[in-house]
Amino acid sequence: MDEYKVGDISSFLNSSSSEQKATNDLFSANTQPVVSVDEVYVKPLVEPVKGKRPKKSKPVEPEPEPEASKFPTLSPEEKLEIDKRTLFIGNLPLGYKRKQLRKLFADFGKIQSLRFRSVAISDLKLGRKVCLKTNKVNENATCKNAYIVFDHEECLEKALSKNGDMVNDHHIRVDRVVKSKQQIKDDSKNSIFIGNIPFAATEEDIRSALEQCGEIEYVRLLRDAKTNIGKGFGYVKFVDSSGVMFAMKIKDTVEVNGRKLRIQRCKSKVTLENTKKAKELKAKQKDEAKNNFRGRKSKSSDKEIFSGKFTKSKNKKFDSDKRPSKKNKQKTMSKQKFDKKVNKASKKGGVVKKGKKEKQ
């Protein structure tokens with residue numbers, strides 16, 4: 001191999017173009033194009049089906065823990081215990097605020113929760129929550145209801161003294177949510193049912209029409225839950241039963257907004273249930289009577305006859321072994337025999353009755 005000498009590189013660079021071209025051709029013939037690793041095709045072990053791509057496996061995410069709900073589920077015993085501490089306030093003015101109501105009942109004990117209900121909304125499509133937040137309330141409505149939950153049941157008993165108080169020209173109705181059967185029965189004795197009430201009538205209109213009957217404890221008008229429009233009937237409870245007696249005497253003369261009211265005595269749920277059971281029992285006895293002999297229900301006297309104690313017609317001893325005599329035995333015949341006798345009698349010129357023959 002020849003040794004390197006000074007000036008070899010410069011002489012090579014300054015060489016003729018023909019020599020340089022020959023060297024370039026030599027290098028280009030021996031070189032190969034460089035291929036990247038990504039461009040190399042590797043045949044898969046299992047070829048995918050045509051038209052379907054293999055699904056990519058998603059990473060398994062851990063399930064989120066359930067959040068604690070604002071309103072935990074309560075057992076029936078817990079719900080009943082809360083209802084016993086809950087106070088109902090009806091016929092409140094529509095513009096009455098939460099702070100005002102809390103202040104009104106603050107003297108009776110600690111208030112656990114307070115909520116308004118039966119607020120009439122102007123747009124049913126938006127929903128109740130949106131209308132209440134945007135203050136879209138029906139202007140024709142005049143009242144709303146509320147519920148207050150106290151810490152102790154004793155506080156509720158004290159708060160009942162507010163029943164009938166005037167709040168912005170409204171007689172409010174304060175009552176329990178849970179009542180015993182005896183309390184319901186007592187309420188029905190001093191209450192009357194009122195029908196044919198104008199839809200636009202208020203509790204104050206009914207109270208002014210029936211104040212002449214006696215002292216009124218409260219007036220309750222049933223209204224639609226969404227629109228707060230009256231359903232045309234309600235109840236009035238008097239302090240004494242004498243108010244009910246007087247209302248029944250003037251029931252044909254009471255009018256509200258030019259409309260005659262329909263007044264009836266009020267029946268409790270207990271009495272209604274008893275009458276319903278009595279009707280069901282009577283209907284059952286009727287069905288049984290249809291299946292009985294002669295289409296009537298059996299009496300105690302029938303049992304005595306067949307048991308051998310007494311006869312039905314005479315109070316004499318009935319001997320089950322003794323058979324009726326032939327004289328007293330009723331003669332019976334079939335229809336065919338009767339028709340034959342009729343034909344024979346008609347030939348002879350006589351009239352035949354069952355078991356007898358009479359000549360004309």
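Attention here is on the structure that accompanies the text.

Conventions we followed
Residues numbered from 1 in each chain as written. Predicted model: local features only at pLDDT ≥ 70, side-chain atom pairs only at ≥ 80, totals over all residues. Heavy atoms only, no water. Helix = DSSP H or I, 4+ residues; strand = E, 2+ residues; numbered from the N terminus. Buried < 20%, exposed > 50% of the residue type's maximum accessible area, 1.4 Å probe, protein only. Areas by Shrake-Rupley, 256 points an atom, 1.4 Å probe, with all protein chains shown as cover. Pairing = 2+ DSSP bridges. Axes fitted to C-alpha atoms, helices over the stretch in contact; angles between N-to-C directions. Contact = heavy atoms within 4.5 Å. Phe/Tyr/Trp six-rings, centres within 6.5 Å; stacked < 30°, edge-to-face > 60°. Lys NZ or Arg CZ within 6 Å of the ring centre and 35° of its normal.

**Structural notes on the overall build of the chain**
What the chain contains, in helices and strands, is 12 helices and 12 strands. When burial is assessed residue by residue, the chain has 24% of its 360 residues classed as buried. Working note: accessible area of the chain is about 29,600 Å², and carbon and sulfur atoms make up 52% of it.

**Focus on unusual backbone geometry**
The backbone of Ser118 shows a phi angle near 60°, a positive value even though the residue is not glycine. Assignment of secondary structure puts Ser118 in the loop between strand 2 (111–117) and helix 5 (128–133). Under the relative-accessibility criterion, Ser118 is labelled partly exposed at 29%. Backbone geometry places Asn257, a non-glycine residue, at a positive phi of 55°. Here Asn257 shows up in the loop between strand 8 (255–256) and strand 9 (259–260).

**Observations concerning the sheet that holds strand 6 (residues 216–223)**
Strands belonging to one sheet form pairs held by backbone hydrogen bonds; the direction of such a pair is parallel or antiparallel. Reading across the sheet, the four strands line up as 6-7-5-10 and stay open at both edges, with antiparallel pairing between neighbours. Two strands lie at the open edges of the sheet, namely strand 6 and strand 10 (262–265), each paired on one side alone. Each neighbouring strand pair of the sheet contributes to a mean axis angle of 20°, computed without reference to strand direction. Across the sheet, helix 8 (residues 203–210) touches strand 5 (191–195), strand 6, strand 7 (230–238) and strand 10, and the angle it forms with strand 6 is around 135°.

**Digging into the packing of aromatic side chains**
Evaluation of the coordinates by the stated rule reveals four aromatic pairs. Arranged with centres 6.1 Å apart and planes meeting at 50°, the rings of Phe105 and Phe108 form a pair that is tilted. Residues Phe105 and Phe108 agree in their burial class; the two are buried. Taking 5.7 Å as the distance between ring centres and 65° as the angle between the ring planes, the aromatic pair formed by Phe193 and Tyr235 counts as edge-to-face. You can see Phe193 sitting in strand 5 and its partner Tyr235 sitting in strand 7, a full 42 residues away along the chain. Classification of Phe193 by relative accessible area gives buried; the value is 16%. Joined through ring pairs, the aromatic side chains of Phe193, Phe233 and Tyr235 make up one cluster. Across from the ring centre of Phe116, 3.9 Å away, lies the NZ or CZ of Lys144, which sits over that ring.

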